[in-house]
Amino acid sequence: MSYMTDRKRAEGHGSAREGTRRHWGMTKSSVALAFLVPAFVFTFGPMLGRPHAEVVAHFAQPFPAIVAALMIVVGLVHFKNGIQMVIEDYVHGVLREYTVILTTCLCYGAVAAGLFAIASIAL
């Protein structure tokens, strides 16, 4: 006979204690994207169809460059976290680990390439 309570028996089983942290991270990046996407559309949209030199001159200014860089970083990190959740739900076995590693590397590589492109234009 065990004198353990139901709560004591349940501790250590079930939740990995990461759901709240992941949900909060996705919520924060969603709120950031809610402000960044319109700002990016209003800074990037007027440049569509313009000559290359004019676009480079526009993104050489601090505000459009910062908005574009933040959009790249927050958007791709949000994508990485979201696709990781999808992979963990639907891919099983050792392929899950390899797929998570691959998508993480691809996302951070895209962030690095995007920031390098923005920095080369802005500087």
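A quick note: this is a predicted structure, and the numbers were derived from the prediction, not measured. (Residues numbered from 1 in each chain as written. Predicted model: local features only at pLDDT ≥ 70, side-chain atom pairs only at ≥ 80, totals over all residues. Heavy atoms only, no water.)

Asks: What is the right way to look at the pattern of salt bridges in this model?
Replies: Two side chains bearing opposite charge may form a pair once their charged atoms approach each other closely. Summed over the entire model, instances satisfying the criterion amount to 2 salt bridges. In this structure, the salt-bridge partner of Glu54 is Arg50, at a minimum N-O distance of 2.6 Å. By relative accessible area, Glu54 is classed as partly exposed at 34%. (Salt bridge = Lys/Arg side-chain N within 4 Å of Asp/Glu carboxyl O. Buried < 20%, exposed > 50% of the residue type's maximum accessible area, 1.4 Å probe, protein only.)

Asks: Mind showing me how you'd approach the nonpolar core here?
Replies: Soluble, globular proteins show a tendency: their nonpolar side chains are buried together. By size, the foremost hydrophobic cluster in this structure holds 6 residues: Met47, Phe59, Ala65, Ala68, Ala69 and Ile118. Ranked by residue count, the leading element in this core is helix α4 (residues 62–90), at 3 residues. In this view, Ile118 contacts Ala65, Ala68, Ala69 and Ile72; residues no more than four positions away in its chain are not counted. (Core = buried A, V, L, I, M, F, W, Y, C linked by side-chain atoms within 4.5 Å. Helix = DSSP H or I, 4+ residues; strand = E, 2+ residues; numbered from the N terminus. Contact = heavy atoms within 4.5 Å.)

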